[in-house]
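# Coordinate analysis (summary)
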There are 6 protein chains.
Amino acid sequence: MNRVPEEGMVLVPGGSLITRTPEEGRALAITLARHTVHNIQPDLDILLGGRPNYSTTPDSLTRAAQVVAIEFQTIAAANDYWRAGG
Amino acid sequence: MNRVPEEGMVLVPGGSLITRTPEEGRALAITLARHTVHNIQPDLDILLGGRPNYSTTPDSLTRAAQVVAIEFQTIAAANDYWRAGG
Amino acid sequence: MNRVPEEGMVLVPGGSLITRTPEEGRALAITLARHTVHNIQPDLDILLGGRPNYSTTPDSLTRAAQVVAIEFQTIAAANDYWRAGG
Amino acid sequence: MNRVPEEGMVLVPGGSLITRTPEEGRALAITLARHTVHNIQPDLDILLGGRPNYSTTPDSLTRAAQVVAIEFQTIAAANDYWRAGG
Amino acid sequence: MNRVPEEGMVLVPGGSLITRTPEEGRALAITLARHTVHNIQPDLDILLGGRPNYSTTPDSLTRAAQVVAIEFQTIAAANDYWRAGG
Amino acid sequence: MNRVPEEGMVLVPGGSLITRTPEEGRALAITLARHTVHNIQPDLDILLGGRPNYSTTPDSLTRAAQVVAIEFQTIAAANDYWRAGG
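So, here is what we can say about the structure in this document.

## Focus on the relation of the copies chain F and chain A
- The transformation that overlays chain F on chain A combines an axial shift of 0.0 Å with a rotation of 60°, and the residual RMSD is 0.0 Å. Look at the turn and shift together and you get a six-fold axis relating the two. No C-alpha of chain F lies nearer the rotation axis than that of Ile70(F), which sits 7.0 Å from it.

## Topic: the interface of chain B and chain C
- The interface is formed by 28 residues belonging to chain B together with 30 residues belonging to chain C.
- Both sides together, the interface formed by chain B and chain C hides about 2500 Å², and carbon and sulfur atoms give 63% of it.
- Sorting the residues of chain B by area buried against chain C places Glu23(B), Arg26(B) and Tyr81(B) first, and these three jointly supply 22% of that buried surface.
- For the pair chain B and chain C, the interface holds 14 residue pairs in polar contact (both at pLDDT 80 or more).
- When contributions to the side of chain B that touches chain C are tallied by element, the ones reaching two or more residues are α1 (22–40), α2 (44–54) and α3 (58–78) of chain B.
- The element best represented in the side of chain B that touches chain C is α3(B), accounting for 14 residues.
- Residue composition of the side of chain B that touches chain C, by class: 15 nonpolar, 6 polar and 7 charged.

## Some points on the nonpolar core
- Counting 90 residues, the largest nonpolar core has Leu17(A), Leu17(B), Leu17(C), Leu17(D), Leu17(E) and Leu17(F) as the members making the most contacts within it.
- Residues within four places of Leu17(C) in sequence aside, it is in contact with Phe72(B), Ala76(B), Tyr81(B), Trp82(B), Val12(C), Leu28(C), Leu32(C), Thr74(C), Ile75(C), Ala78(C) and Asn79(C).
- Core analysis: the next-biggest nonpolar cluster, separate from the first, contains 78 residues, Met9(B), Ile70(C), Leu47(E) and Ile70(F) among them.

## Description of the packing of aromatic side chains
All names here are of chain C.
- Taken as a whole and judged by the stated rule, the model has 6 aromatic pairs over all chains.
- Note on Phe72 and Trp82: the rings are 5.7 Å apart at their centroids and 15° apart in plane angle, and the pair reads as stacked. Taken together, the residues Phe72 in helix α3 (residues 58–78) and Trp82 in the segment after α3 connect sequence positions 10 residues apart. Each member of the pair, Phe72 as well as Trp82, carries the same accessibility label: buried.

## Focus: the packing of α3(C) against helix α1 (residues 22–40) of chain D
- It is at 9 Å that the axes of α3(C) and α1(D) come closest, and there the two elements cross at 120°. As α3(C) runs across α1(D), the sense of the crossing is right-handed. Across the interface between the two elements, Leu61(C), Ala64(C), Ala65(C), Val68(C) and Phe72(C) from α3(C) touch Leu32(D), Ala33(D), Thr36(D), Val37(D) and Ile40(D) from α1(D).

## Quick notes on the interface of chain F and chain A
- Each side of the interface is counted separately: chain F has 28 residues, and chain A has 30 residues.
- Of the roughly 2500 Å² buried where chain F meets chain A, counting both sides, 64% is carbon and sulfur surface.
- Looking only at chain F, the three residues that lose the most surface to chain A are Glu23(F), Arg26(F) and Tyr81(F), adding up to 21% of its buried area.
- Linking Arg63(A) and Asp59(F) is a salt bridge whose minimum nitrogen-to-oxygen distance equals 3.0 Å.
- Scanning the region where chain F abuts chain A turns up 14 residue pairs in polar contact (both at pLDDT 80 or more).
- If you tally residues by element for the side of chain F that touches chain A, the top one is helix α3 (residues 58–78) of chain F, at 14 residues.
- For the side of chain F that touches chain A, a count of residues per class yields 15 nonpolar, 6 polar and 7 charged.

Reading the values: the criteria
- Residues numbered from 1 in each chain as written.
- Chains lettered and ligands numbered in written order.
- Predicted model: local features only at pLDDT ≥ 70, side-chain atom pairs only at ≥ 80, totals over all residues.
- Heavy atoms only, no water.
- Least-squares fit on C-alpha atoms with pLDDT ≥ 70 in both.
- Contact = heavy atoms within 4.5 Å.
- Buried area = accessible area lost by both parts, 1.4 Å probe.
- Polar contact = N/O pair within 3.5 Å; in protein donor to acceptor, adjacent residues only side chain to side chain.
- Helix = DSSP H or I, 4+ residues; strand = E, 2+ residues; numbered from the N terminus.
- Nonpolar A, V, L, I, M, F, W, Y, C, P; charged D, E, K, R; others polar.
- Core = buried A, V, L, I, M, F, W, Y, C linked by side-chain atoms within 4.5 Å.
- Buried < 20%, exposed > 50% of the residue type's maximum accessible area, 1.4 Å probe, protein only.
- Phe/Tyr/Trp six-rings, centres within 6.5 Å; stacked < 30°, edge-to-face > 60°.
- Axes fitted to C-alpha atoms, helices over the stretch in contact; angles between N-to-C directions.
- Left-handed = near helix turned anticlockwise from the far one by under 90°.
- Salt bridge = Lys/Arg side-chain N within 4 Å of Asp/Glu carboxyl O.

Shown next, in the form of structure tokens:
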């Protein structure tokens, strides 16, 4: 099996939900969602094999965007919405 | 590849969740959702190619509206629901 | 294009999440969801063309009801659940 | 058109999210979800016509249960989870 | 009709969201979701008839798990996440 | 029936939502989601039989990632987002 590299398997890269900016928080939300998928399906060939269909199907993109939105809710709350320095 | 322009790739345009009004907060929610999609699929031709089908399918529109609703929850909380000046 | 009238394009009609009653808050939730859809698909003929199928399909109605439920969470929180005068 | 009776069109029957018990809160959650659907599709014959298929399809029931769960989140928060008298 | 027994129709068995442990809270989340379904479809034969297909379809199981996750959010908040005795 | 081992049936392994790190919290979120599924479908052969299709279908993976995101919201809130030692 062509396994996802170990850094792609870490569930919370950096080990913290705290980020300096909303932009970084948003990037973390995308990463969290992706790494969950890696942990369910760690075979890189299968992941890449599904990508051409998934990434060209609007409903699939909407579904993925929804997961990111949910992860971002958590990260934004963790950072108190970056109000202090926002 | 006909890539989405760089400003469409910024995850949090303006770098903040704070907006002056609910209307602007709502517009930001739509933008956040769209820019997530751009980051997953940055090929503008593929995005535009999927649009005729997606944007005429009620269930697809409902799914998109749901993502906006979730993003707006975060933005509204970040702005304390614009109570101060609402 | 037979475009949705301008008032249907306003994302937050009235410019506030604050309503006098839960009933009005609920109506606002429905409006927010609908106006999001208008902004994604502003062609009234396409919207009305999809309605016969959408509005007679139980799963589509359930999906729409879910979006309203999510919007209402935000509005209810904004109004502190109308506890003061509830 | 055989229209849903007026009491089925009220978005928040009783005009409040406050209930005496969790059981009543749960019943209100179901009612909120149902009345949203009535407002999107007020034709009783269409609603009843869809029911045989909808109510015998497990995924449709799960989707409906999800909407109720989301509505209940709001109602439970409004009632401070009925902690005082729970 | 072979109706779901009365105890399966109670929306909030025990009449409270408060549980002693997270494990009991999780069990209550599953029960809440199931009893919602019972109230929408109280015919036990129909429910059991759908089970072989539903319970062997991964996406259906994921959907059901999502409803439980949402119900558990409410129950966990109600119990202040069992922090006091957790 | 080749039943899921008893430890896979425990709804909240460890009996607590409190974890030392976000990484452990994330792992718990995945476990909670999986164990819900085990409790709905405890037949290991059926679960494993569905896996080849489920784990190679992008939309199924996205759906699963969404459940994990929702569970993580609860766990992250329970741990006050690991701010103290994050």
